[in-house]
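A look at the structure
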Amino acid sequence: MYKNLFKTTALALLAMPSFVFLPQTASAQTACSEYTIEGGDTLRSIALAAYGSGNFQPIFNANRNTIGSNPNAIEVGDVLQLPCEDGSLPNTVVEVAVPEVEQTAAAAIASGQTLPQGYVPSIKFLTGGNYAPFTDESLPGRGLYTELVETAMARGAPDREFSITFVNDWGAHLSALLPINAFDLGFPWFRPDCTKLDLLTPSDARRCTDYNWSDPFYEVVVPYFTLPSSRFANISSAQGLIGARICRPEGYATFYMQEEGLFEPDITMVSPVLPNDCFTGLVEGTVDVVSLELDLVEGILAELGLQNEVVEIPGLSELLSLSVLTHKSNPYGRAYVTILNQGLRDMRQSGEWFGIVSTQLAQYARANQ
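Report on the accompanying structure.

Cut-offs used in this document
Residues numbered from 1 in each chain as written. Predicted model: local features only at pLDDT ≥ 70, side-chain atom pairs only at ≥ 80, totals over all residues. Heavy atoms only, no water. Helix = DSSP H or I, 4+ residues; strand = E, 2+ residues; numbered from the N terminus. Buried < 20%, exposed > 50% of the residue type's maximum accessible area, 1.4 Å probe, protein only. Contact = heavy atoms within 4.5 Å. Disulfide = S-S within 2.5 Å. Pairing = 2+ DSSP bridges. Phe/Tyr/Trp six-rings, centres within 6.5 Å; stacked < 30°, edge-to-face > 60°. Lys NZ or Arg CZ within 6 Å of the ring centre and 35° of its normal.

If you tally the helices and strands in the chain, you get 12 helices and 14 strands. Among the 369 residues that make up the chain, the fraction classed as buried is 52%. Summarising the internal contacts of the chain: among those between residues at least 6 apart in sequence, 76% fall at separations of at least 24.

Among the structural elements, arginine 207 can be located in helix H7 (residues 202-209). Accessibility expressed as a relative area gives 7% for arginine 207, which makes it buried. For arginine 207, the residues in contact, after removing those within four places along its chain, are Leu174, Trp189, Phe190, Pro192, Trp213, Ala253 and Phe255.

Below, the discussion takes up the state of the cysteines. This structure, assessed with the given rule, holds three disulfides. Disulfide partner of cysteine 247: cysteine 278, at an S-S distance of 2.1 Å. Looking down the S-S bond of the cysteine 247 and cysteine 278 bridge, the torsion is -75°, so its handedness is left-handed. Here cysteine 278 lies in helix H9 (residues 275-284) and cysteine 247 lies in strand E10 (residues 245-247), a separation of 31 residues in the sequence. The disulfide pattern of the chain is 1-2, 3-4, 5-6 when the bonded cysteines are numbered in sequence order.

On to the pairing of strand E6 (residues 185-190), then. Look at any regular strand and the pattern is simple: side chains alternate between the two faces of the sheet. With six of six residues buried, E6 lies mostly within the body of the structure. The pairing of strand E4 (residues 123-127) with E6 spans two bridges and is parallel. Note on E6: the bridge partner recorded for leucine 126 is glycine 186. As judged from the three bridges shared by E6 and strand E14 (residues 318-327), these two strands associate in the antiparallel manner. Residue pairing for E14: tryptophan 189 is matched across the bridge by serine 323.

For the rest of this paragraph, the subject is the packing of aromatic side chains. In this structure the tally under the stated criterion is 14 aromatic pairs. Each ring, one from tyrosine 131 and one from phenylalanine 134, has its centre 5.0 Å from the other, and the planes form 45°; the classification is tilted. Relative accessible area serves as the criterion here: at 0%, phenylalanine 134 is assigned to the buried category. Accessibility expressed as a relative area gives 8% for tyrosine 131, which makes it buried. Across the ring face of tryptophan 353, the terminal group of arginine 348 is positioned such that the distance to the ring centre comes to 4.5 Å.

Put into structure tokens, the structure is as follows:
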């Protein structure tokens, strides 16, 4: 039986304040500075030197134009912006203001697709909790991703009404609630590589065949972790994981493993309910490897007191895109995705996207120190 934990939240169109990022003095591998990559550097080693934490996701977010799409391959001589502790960028003065939206253009986006004349329904979003820092009702703004979606709606169609409902049974989202159009859109979901359908499980393949997707709102680095003494600690490719007991929490995407040719029984998947249980299993010897979003790992290791007990397997990080999806049977789904994509483009062009992401991640890091 699905948990009917429907808790509809009120509409909250965000009026973003201005963020002023003040110049700072640069120094090597120091927060709030520029750093030139040297031989032997990794994003993780740079993050450890600058922040005392291996979470390099904020560095990756701030330097996508330099790093590109592969966090494992950084180039000697490239200059990185190492964000300040508050998430802002060094040596930069950026005014992030609410962009002006042409009302006529917004109305065209909102109503010029397939909507019947005179009928403008409220847009119903579906998400869930227990997925910090991305979505949870206890987080500031109900999470990084929730704030991004709300702001994209405010920019793409400021006059449209919408609601966001939290249902903590994530499995029910794709198996029941979105297919019957009880909700219009769901977030945040990882999109598989739909050119590799033959390598996906039936449930992951349905994400490609049954759903339309927004542009990526956020790209998550997902490394593999193990113990320093493990035989998997220094493998050089995903195929080196064959024979491993890999822990990934229940309901979390695993298609990226399938895309690398990792299937049971060549590997054994262990899927506890809570992410913390993966690392508990690692130190207790019931699993060999943990694969988990980098944004989550540092807080979990701090909570369990395992910061010095666990290592990242170098060179195997995956980059996964989080998007909003809508079932193809929804008659208005494509129009709603168009609204979100327009809002997201406005946010990226104005700098508002980075302002939200950096502030949310800084808040989450402080709360888990």
